[in-house]
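Listed here are the chains, written in short residue letters.
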Amino acid sequence: MKVAVPKETRPGERRVALVPLGVKTLAKAGLSVVVEAGAGASAGVSDDEYREAGASIAASASEVLQGAGLVLRVNPPSLSDPDEVAGISPDAILVSFLSPLTNLDLVRRLAESRVTAVSMELVPRITRAQSMDALSSQATVAGYKAVLMAADHLPKFLPMFTTAAGTIRPGKALVLGAGVAGLQAIATARRLGAVVEAFDVRPAVKEQVESLGATFLETEHDVTAEGEGGYAKELSEEQHQKELELIAGAITGADLVVTTAQIPGRDAPLLITEEMVKSMRPGSVIVDLASESGGNCALTKAGETVVAHGVQIIGPTNLPAEIPVHASQMYSKNITTLLAEFVGEEGQVALDFENDVVGPATVTHQGEVKNERVRQAMQPSA
Ligand SMILES: NC(=O)c1ccc[n+]([C@@H]2O[C@H](COP(=O)([O-])OP(=O)(O)OC[C@H]3O[C@@H](n4cnc5c(N)ncnc54)[C@H](O)[C@@H]3O)[C@@H](O)[C@H]2O)c1
């Protein structure tokens, strides 16, 4: 069976869905990989390296998709170029990030085209599927890069320096939301020598934060909200006010703030008000990783850097694309491990919807929307 790896078309994207190691893995499983010319260029992979790994190179987007039974992408096919979906053969399997709960027009289009769409976001976060979890691998990249970006914008050092020209005190970082991205932000800020404080509404996180050498912010009030599957849920209004008080007390001393707080399926919680930004030292930097779901800071604009009250508020929308070599390497590992769930040893594909990974991750199949959460999202609201 032919596996297609098209060149990503999202503006600013530098990742690729499969690196040469992934080509070798799929070739061993009896699949023949075809990569669009230049697809790996911005992730540091040349067409020759793909050839050496056993892939062939297609000259164009239409050629790479032609006759492919499997299509591997990082970003969802764009609806503004109708060929990105139309070029996929009916009954082919597309594996990609799809944002299926919000990108409903795409889901409809994929169903109409009878494409089987497997969403990397819907791979369940069970222990067995950790090596297929692209949300986590790409959040790791984002958390790391957020701190580097903030450090680069800071008019200060982060580490402590004892020099002949005097002693420089270490910078202070505050991380709000300590999931995968937040924990990596904490670890990175610590590696750069910052003194780090962090907060999350899931109490289980305290120990993880402390094991990284950061301080977990605490209050006498109950500001914990853990819902199904260990994910955060929304705080009550009163709890939210208490959380804002806690953050207001900590943020005035912070040089660098990274926010990552999200609640699955909802707008990001507001954690930093304009008053809090005003209370920060001029020159401080906020990197808001929740910018695309509304932002954790009231002043964030997705995809922009806002300067307000002397504070830079950065709202990046695709940080993993900034570290394309390792982001692609990790994504490629995630996707090849996921494929092993439904590709047999001789390259035969058998989708088993009883499989605890394949079932939940499949969005469309034979013209139908398979995933219950996506189906619910498509219902007209009452
Ligand atoms: N394979 C696995 O088992 C696996 C892998 C990764 C993550 N997980 C689980 O997923 C969950 C978090 O994952 P994520 O990193 O994708 O999270 P996420 O990106 O959805 O959210 C980031 C963080 O924001 C926090 N948050 C939400 N509201 C907040 C608020 N008001 N104030 C402060 N923080 C707030 C959340 O608790 C979470 O830690 C955890 O339960 C984690 O254990 C499981």
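Here the structure is a predicted model, which means the values were calculated and not measured. Residues take numbers from 1 onward in each chain, read along the sequence in its written order. Where totals are concerned, whole chains, interfaces and linings use all residues; where local detail is concerned, this predicted model gives features only for residues with pLDDT of at least 70, and gives and counts side-chain atom pairs only at 80 or more.

Time to look at the overall build of the protein chain. Helix and strand labels come from DSSP, where a helix needs a run of H or I of at least four residues and a strand needs a run of E of at least two; each type is numbered from the N terminus. Broken down by element type, the protein chain carries 13 helices and 17 strands. Just to be clear, the radius of gyration here is over C-alpha atoms, and the globule rule we use is 2.2 Å times residues to the power 0.38. The C-alpha atoms of the protein chain give a radius of gyration of 22 Å, which matches the 21 Å a tight globule of 382 residues would have. For the protein chain, the spread of C-alpha atoms along the three principal axes comes to 65 × 55 × 35 Å. Here a residue counts as buried when 20 or more other C-beta atoms fall within 10 Å of its C-beta, as exposed when 12 or fewer do, and as partly exposed in between; the C-beta atoms come from the backbone. Here the protein chain holds 382 residues, and the buried ones make up 47% of them. Note on contacts: residues are paired as contacts if their backbone-placed C-beta atoms lie within 7 Å. Of the contacts formed within the protein chain by residues at least 6 apart in sequence, a portion of 64% connects residues at least 24 apart.

Turning to the sheet that holds strand β17 (residues 368-369), a few remarks are in order. Spatially, the 8 strands line up as an open sheet ordered β3-β2-β1-β4-β5-β6-β16-β17, and their pairing is mixed. In this open sheet, the two strands that pair with only one neighbour each are β3 (56-58) and β17. Any two strands between which DSSP finds at least two bridges are classified as paired. Of the strand pairs in this sheet, strand β2 (residues 32-36) and β3 are connected by 3 bridges, and their pairing is parallel. By the bridge assignment, V34 is partnered in β3 with S56. Fitted lines through C-alpha atoms give the axes, limited to the stretch in contact for helices. The angle between two N-to-C directions lies from 0 to 180 degrees. Contacting β6 (116-119), β16 (362-365) and β17, helix α5 (residues 104-112) crosses the sheet at an angle of about 40° to β16.

Each residue gets a C-beta atom placed from its backbone. If that atom is within 6 Å of a molecule or strand, the residue is near it. Lining the immediate environment of the ligand, one finds 31 residues, of which G177, G179, G230, A232 and A261 sit closest. Secondary structure elements with two or more residues in the shell around the ligand: α6 (134-153) and α7 (180-191). Think of it as three bins: nonpolar holds Ala, Val, Leu, Ile, Met, Phe, Trp, Tyr, Cys and Pro, charged holds Asp, Glu, Lys and Arg, and polar takes everything else, Gly as well. Split into classes, the residues belonging to the shell around the ligand amount to 17 nonpolar, 9 polar and 5 charged.

This part takes up the packing of α6 against helix α11 (residues 324-339). Relative to each other, α6 and α11 sit at 170°, their axes nearing to 9 Å. With respect to α11, the axis of α6 lies roughly antiparallel. Contact with α6, carried on its side by A134, S137, Q138 and V141, involves H326, A327, M330, Y331 and N334 of α11 and no other residues of that element. Any angle from 65 to 115 degrees is called roughly perpendicular, while one under 35 is roughly parallel, one over 145 is roughly antiparallel, and all others are oblique.

Next up on the list: the packing of α6 against α7. Contact pair α6 / α7: the axes reach a minimum separation of 7 Å and the direction vectors enclose 40°. With respect to α7, the axis of α6 lies oblique. In this structure, α6 crosses over α7, and the sense of that crossing is right-handed. Contact with α6, carried on its side by S136, A139, T140, A142, G143, Y144, A146, V147 and L148, involves V180, A181, G182, L183, Q184, A185, T188 and A189 of α7 and no other residues of that element. Counted by class, the contact of α6 with α7 contains 11 nonpolar, 6 polar and no charged residues. In a left-handed crossing the near helix is turned counterclockwise from the far helix by less than a right angle, and in a right-handed crossing that turn is clockwise.

A few words now on α5. Those residues of α5 lying buried are L106, V107, L110 and A111. One side of α5 holds all its buried residues, which, seen down the axis, span an arc of 135°. Exposed and oriented more than 90 degrees from the buried face of α5 are D105 and E112. Positive phi appears at R114, one or two residues downstream of α5, with a value of about 60°. Within this analysis, the arc is defined by the directions that extend from the helix axis to the C-beta atoms.

Any nonpolar core is a set of buried residues, restricted to Ala, Val, Leu, Ile, Met, Phe, Trp, Tyr and Cys, that join up through C-beta atoms within 7 Å. Core analysis: the largest hydrophobic core is formed by 112 residues, its most contacted members being V3, V5, V33, V175, I186, L256 and V258. In terms of residue count, the dominant contributor to this core is α6 (9 residues). Boundary definitions for the domains trace back to an automatic or database domain assignment. Split by domain, this core shows at least three residues from each of two domains, domain 1 (2-122 + 324-378) and domain 2 (140-317). Ignoring any residue separated from it by four or fewer positions in sequence, one finds V5 in contact with V16, A17, L18, V33, V35, E36, A39 and L72.

Quick look at the pairing of strand β12 (residues 256-259) now. Neither face of β12 is open: one carries L256 and V258, the other V257 and T259, and all of them are buried. Across 4 bridges, the pairing between strand β9 (residues 172-176) and β12 is parallel. The residue bridging V175 from the neighbouring strand is V258, located in β12. With 4 bridges joining them, β12 and strand β13 (residues 285-288) adopt parallel strand pairing. By the bridge assignment for β13, V257 is matched with I286.

Turning our attention to the sheet that holds strand β15 (residues 311-314). The 7 strands are arranged β11-β10-β9-β12-β13-β15-β14 in an open sheet whose pairing can be described as mixed. Where the open sheet ends on each side, the last strands, each with one partner, are β11 (215-216) and β14 (305-308). Pairing between β14 and β15: 4 bridges, direction antiparallel. Note on β15: the bridge partner recorded for V307 is Q312. The strands that α7 touches are β9, β10 (195-199) and β12; relative to β10, the one it contacts most, it runs at about 165°.

Turning to the domain arrangement of the protein chain, a few remarks are in order. Annotation of the protein chain at the domain level lists domain 1 (2-122 + 324-378) and domain 2 (140-317). Here the C-alpha centre of domain 2 lies 34 Å away from the C-alpha centre of domain 1.

Here the focus is α11. With 16 residues, α11 ought to run about 22 Å at 1.5 Å a step, and its terminal C-alpha atoms sit 22 Å apart, in line with that. Burial runs high along α11: 12 of the 16 residues are buried. Buried residues belonging to α11 abut α1 (20-28), β4 (70-72), β5 (93-96) and α6. The span expected for a helix works out to 1.5 Å for each residue beyond the first.

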